[in-house]
Amino acid sequence: MAKYLIIVESPTKVKTIKKFLGSNYDVAASNGHVRDMPKSQLGFDVENNYEPKYITIRGKGDILAALRKSVKKSDKVYLATDPDREGEAISWHLSKALKLEEKDIHRITFNEITKTAVKESLKHPRAIDMDLVDAQQARRMLDRMVGYRISPLLWAKVKRGLSAGRVQSVTLRIIADREEEIAAFIPEEYWTLDADFTIPGERKPLTARFYGTEKEKITIHSKEELDTITKKLEGAKYQVAEVKKGERTKKAPVPFTTSTLQQEASKVLNFSTQKTMRVAQQLYEGVDVKGSGTVGIITYLRTDSTRISDEADASARAYVEENYGKEYVSAAVQEKKSGKKIQDAHEAIRPTDITRTPFVLKESLTRDQFRLYQLIWKRFAASRMANAQYTTTSVKIDAAGYRFHVSASKKKFDGFMAVYVQDEEEKGEGNLLVKEISSETQLNFKSFEEKQHFTQPPAHYTEAALVKTLEELGIGRPSTYAPTITTIINRRYVAKENKNLYMTELGEVVNNIMVQAFPSIVDVNFTANMESLLDKVEEGVVNWKTVVSNFYPDLDEAVLNAEKEFAKVKIEDEVTDIVCEECGRNMVIKYGPHGRFLACPGFPECRNTKPYLEKIGVACPKCGKDIVLRKTKKGRKYYGCENNPDCDFMSWQKPSKEKCPKCGGLMVEKGNKLLCINEACGYIENKSQKE
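Moving on: the sheet that holds strand 10 (residues 206–212). Spatial ordering of the open sheet is given by 11-14-15-10-9-16, a layout of six strands whose pairing is antiparallel. Here the strands that pair on one side only, and so sit at the sheet edges, are strand 11 (239–250) and strand 16 (444–454). The sheet shows a mean angle of 30° between the axes of neighbouring strands, direction not considered. Note that strand 9 (residues 189–198) and strand 16 share ten bridges and pair antiparallel. In the strand pairing of strand 16, alanine 195 is matched with phenylalanine 448.

Right under this line is the structure:
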């Protein structure tokens, strides 16, 4: 009897796949990569056409020995690692490590771990796709070059253990640029004016918002401008000028890609990108379903595509028709339009069987698995459903040369929203208009509602917003978003507080060095171009060694120049006038994982340390003591009183020594401007005026 060996990446998949196949098949796991470049060196030969050096990863010797024994006993070996760049490379490394002859290599891939998909893949084995492998090798070597050449400079300049990365460093730059925008933002005042009317025979008043005039929209900048308008409107007659009725369609969503799943899970479930990928991996590899054993319940989780197989599409439409009715089935397939190449031509992320509803699986899944599966299931079902339909009404009301607006929409047909509703979709749909309104309707003015507002700065990045930005800019790929964000948080370059990402002091130092010494590495366009070159390697259009050989000499030159520059800087601990209470020496400022701190120079004999509170030379407006630079528990910077907790003064912006000439209050720095901390005062001036 013939004996077949299938090699996969993870032990969980072994359990799932074994169940589908007979006793002739043996399934074994490589536990991820088995070969890599050595950790102790750069890992490739610059003189010999950038040839990479590969060695067996420490701890994988026993796994490879066991796999070699299994290969000897088998008539045929199938390499069934993940269906992407990384998976293709693992298969290639396995073929080399196990010394499989070219004729013996049978590469199979499946987008979902189900009986049908696995059995179908066995009927269509292929050779290893060397374009995919070369794209992975090029990516790995570029990452190595950046990490291994630049990180030692950061160790020398700041502290050991820091790292730079090809995608990581540009991601840090994106966050830093947003923080600078926020820091420099000056709020501008504006007002809204709402008018309430009563209509004979109607219980509820009608509320209309000030628009401007018939010809143009007017923004009200101050209370004075508002008072001028309300004065003109005193005793005015309000008349319905126009009533427009129409229809609006809300399109059904497309199924999830890796990026959109990470964004939605962050917003709806409050999952980090790392957690989303971990839980999705569990759902893909297989969970124990009561009555069915171990089964993969979603398709492959690393994808840029919104494509769905014909079988899954037909199955979903049939399910929708049976459970919701024919009118709920979408007329045409929703496809995401994108000018960019779709990586690996995978399907979107979807349930492997739509009849396996979240309710059916609830008892078989952990809470996190259930919540993520429910999100994926609902999104996929919704993607095969009809659009939601709304009736809309827009009313224009004129008085004394000014115009007010009322608009509302009412759901006519829920369509896909019977299954899937995003929170923000329901907002703003509560405006209920009077049943019938026309130009003859009598409006009785009741009152004005005046509200003061201030423009808001750009929002801090959340993980969801950062993933969206990285995808839009073409930086990284689905498999890199989660590890990149996790790395910059773990390195304490970025602090995550209440979903928002903030630069830490350490992150600012590292980013400044990268921007000064390696501008191209942290340039968004350069990194995006590099990604598109790697895609061209994958398509077989560009040779991978051409990409590597063009990149390395420029990097090498930049590193050598930076080393010379850094050599001029004497890196010594800054001595302070604070005396160590344990041994009497003057304490020094050092960098740690949380930023700067005070340490005794007598280490290791004296191990005394304490927080470093940097005085900025400004007195606290509440108690007169010094204002110092402080950090939140997660590492975000702010300015507070040294007398905390007895004095609760704090400011996110740096206080200035200058006093407000208008009210005598504290001024704070905002980019190149100084503004009064008291919003009611609103005084602003350019820093240069003082300088």
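Moving on, we come to the pairing of strand 17 (residues 494–497). Pairing geometry for strand 17 and strand 18 (residues 500–503), over four bridges, is antiparallel. Along strand 18, the bridge assignment pairs valine 494 with methionine 503.

Moving on, we come to the packing of aromatic side chains. Within this structure, the stated rule accounts for 19 aromatic pairs. A ring pair is formed by tyrosine 284 and tyrosine 300, whose centres lie 5.2 Å apart and whose planes are at 65°; its orientation type is edge-to-face. Of this pair, tyrosine 284 sits in helix 9 (residues 273–285) while tyrosine 300 sits in the loop between strand 13 (293–295) and helix 10 (310–324), placing them 16 residues apart in sequence. Assigned by exposure class, tyrosine 284 and tyrosine 300 land together as buried. One aromatic cluster in this structure is built from Phe197, Phe210, Tyr238, Tyr402, Phe404, Phe445 and Phe448.

Another aspect to go through is the confidence of the model for the protein. On average, residues of the protein score 89 in pLDDT, and 93% of them reach the 70 mark or higher. Taken element by element, the protein is modelled with least confidence in helix 13 (residues 423–426), mean pLDDT 54, and with most confidence in helix 12 (residues 367–383), mean pLDDT 97. Segment residues 336–344 is flagged for pLDDT under 50; beyond a separation of four residues in sequence, or across chains, it makes 20 contacts in the model.

Cut-offs used in this document
- Residues numbered from 1 in each chain as written.
- Predicted model: local features only at pLDDT ≥ 70, side-chain atom pairs only at ≥ 80, totals over all residues.
- Heavy atoms only, no water.
- Pairing = 2+ DSSP bridges.
- Helix = DSSP H or I, 4+ residues; strand = E, 2+ residues; numbered from the N terminus.
- Axes fitted to C-alpha atoms, helices over the stretch in contact; angles between N-to-C directions.
- Phe/Tyr/Trp six-rings, centres within 6.5 Å; stacked < 30°, edge-to-face > 60°.
- Buried < 20%, exposed > 50% of the residue type's maximum accessible area, 1.4 Å probe, protein only.
- pLDDT = per-residue confidence, 0-100.
- Contact = heavy atoms within 4.5 Å.

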